[in-house]
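Observations on the model geometry
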Amino acid sequence: MKKITFPILFFLFASIVVQAQKKIAFEIQGNRGARGLMPENTIPSMIKALESGATTLKMEVVISKDKQVVVSQEPYFNHVISTAPTGEEITLKNEKKFNIYQMDYEDVKQFDVGSKPHPRFPHQEKFRVEKPLLSDLIDKVEFFVAKRKMAKPHYNIETKLIRKGDGEFQPSPEEFVELIMTIVKAKKLEKRVTIHSFDLRSLQYVHEKYPDIPTSLGIDEKEDFENNIKALGFTPTIYSPYLPLVGKGLVDKCHAAGVKIIPWTVNTVKEMQYLKNLGVDGIVTDYPDLMTGVK
């Protein structure tokens, strides 16, 4: 039997590593976990996303009155998904009255955000569930992947701020980021976290105080890539535009600037295949399970 020399072994090992890197190069971000399948921004939704093939968990966070970091799309209880513990109806007109920044987390967790049928996601499983603390969500996810011997996920954490809402719906961007980073450092997630925001101030503070933490700029309006980067004041790790804004020209501009482009929210196989063919670096999707149909 012919003996395999060290150079050959090294080449084989390097080839395996390269192939593995290729397989994980395309980033699948489960939006609010797997929002199409489970109540959004909940622990079961994050677990479902991982089971469905997500490599990154995309979530939004807000701050409670007692300075807890709560996983939530809005800094109040959205009428579409929320049921008040008192039985009072939450409507579009009064939802901002249920302001999380004016509640301690002990009160926040009494609200049910999983039992109402969601008009946009008819296949979502329905059950009573609360908005979790970011720290608890991370603990549950890390325990889950360790038990299943799965790859550890990346966390894309968005600072959810309302424009001109400082002091009413949120703390200052600086305090907001520090509250998140306290958890990130405590959980030793610096190498597996990205801070995402549509709020330039949040990202500017991260860039200044935590330059090694990747940043992701959310874009929801049609504006030149160059103008958005100029307004930000530095080059982010990721440029994350609304799906209809994405074309080959934008993909090329991002890559020429050394920036990854990861569009949102991509919810059909046709859209996923189109964007992958364009050369984007990943997608944000409510249905991470659909990526199995993409070549």
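To be clear, the structure that these remarks concern was listed above.
Now for a quick tour of the structure. (Residues numbered from 1 in each chain as written. Predicted model: local features only at pLDDT ≥ 70, side-chain atom pairs only at ≥ 80, totals over all residues. Heavy atoms only, no water.)

**Some thoughts on the packing of helix 5 (residues 173–186) against helix 6 (residues 200–209)**
- Relative to each other, helix 5 and helix 6 sit at 60°, their axes nearing to 9 Å. Between helix 5 and helix 6, the crossing angle belongs to the class labelled oblique. The crossing of helix 5 and helix 6 is right-handed. Of helix 6, the residues touching helix 5 (which contributes Pro173, Glu174, Val177 and Glu178) are Arg201, Ser202, Tyr205 and Val206.
- Looking at the contact of helix 5 with helix 6 residue by residue, the class counts come to 4 nonpolar, 1 polar and 3 charged. (Axes fitted to C-alpha atoms, helices over the stretch in contact; angles between N-to-C directions. Helix = DSSP H or I, 4+ residues; strand = E, 2+ residues; numbered from the N terminus. Parallel < 35°, antiparallel > 145°, perpendicular 65-115°, else oblique. Left-handed = near helix turned anticlockwise from the far one by under 90°. Contact = heavy atoms within 4.5 Å. Nonpolar A, V, L, I, M, F, W, Y, C, P; charged D, E, K, R; others polar.)

**Focus on the layout of surface pockets**
- In this structure, the largest pocket encloses a volume near 1,100 Å³.
- If you trace the largest pocket, you find 40 residues lining it, with Glu158, Lys160, Phe198, Gly218 and Asp220 closest to the centre.
- Secondary structure elements with two or more residues in the lining of the largest pocket: strand 2 (56–63), strand 4 (154–159), strand 5 (193–197), helix 6, strand 6 (215–219) and helix 7 (225–232).
- Among the residues making up the lining of the largest pocket, the classes are represented as 13 nonpolar, 12 polar and 15 charged. (1 Å grid on protein atoms, 1.4 Å probe; cavity = no way out; pocket = protein on both sides within 12 Å on 5 of 7 lines; lining within 4 Å. Points joined across faces, edges and corners; volume = space filled by probe spheres on them.)

**Quick word on the pairing of strand 5**
- Most of strand 5 is tucked away, with 5 of its 5 residues classed as buried.
- The alternating pattern of strand 5 places Val193, Ile195 and Ser197 and Thr194 and His196 on opposite faces, both of which are buried.
- In terms of strand pairing, strand 4 meets strand 5 through 4 bridges, oriented parallel. For Tyr155, the partnering residue across the bridge sits in strand 5 and is Val193.
- You can see the chain leave strand 4, run along helix 5 and come back into strand 5, and the turn it takes is right-handed. (Buried < 20%, exposed > 50% of the residue type's maximum accessible area, 1.4 Å probe, protein only. Pairing = 2+ DSSP bridges. Right-handed = clockwise from strand over helix to strand, strands pointing away.)

**Some remarks on a negative patch on the surface**
- There is a patch of like negative charges on the surface, built from Asp220, Glu221, Glu223 and Asp224.
- The class for Asp224 is partly exposed, based on a relative accessible area of 44%. (Patch = residues over 30% accessible without salt bridge, like charges linked within 9 Å, V, L, I, M, F, W, Y side chains within 5 Å. Areas by Shrake-Rupley, 256 points an atom, 1.4 Å probe, with all protein chains shown as cover. Salt bridge = Lys/Arg side-chain N within 4 Å of Asp/Glu carboxyl O. Lys, Arg positive; Asp, Glu negative; His and termini not counted. Charge placed at Lys NZ, Arg CZ, Asp CG, Glu CD.)

**A look at helix 4 (residues 134–148)**
- With 15 residues, helix 4 should reach 21 Å at 1.5 Å per residue; the first-to-last C-alpha distance of 21 Å fits that figure.
- Those residues of helix 4 that sit buried are Leu134, Ser135, Leu137, Ile138, Val141, Glu142, Phe144 and Val145.
- Close packing links the buried residues of helix 4 with helix 2 (43–51), strand 2, strand 3 (69–71), strand 4 and helix 5.
- Backbone geometry just downstream of helix 4 places Lys149 in the positive-phi region, at approximately 55°. (Expected span 1.5 Å × (residues − 1).)

**Digging into the packing of aromatic side chains**
- If you walk through the whole model with that rule in mind, you get 7 aromatic pairs.
- For the ring pair Phe77 and Phe111, a centre distance of 3.9 Å and an interplane angle of 15° mean the geometry is stacked. Of this pair, Phe77 sits in the loop between strand 3 and helix 3 (105–108) while Phe111 is found in the loop between helix 3 and helix 4, placing the two residues 34 residues apart along the sequence.
- Here Phe77 falls in the buried class, since its relative accessible area comes to 0%.
- The class of Phe111 is buried, set by a relative accessible area of 6%.
- Between the aromatic rings of Phe198 and Trp264, the centroid separation amounts to 5.8 Å while the plane-to-plane angle is 90°, which identifies the pairing as edge-to-face. (Phe/Tyr/Trp six-rings, centres within 6.5 Å; stacked < 30°, edge-to-face > 60°.)

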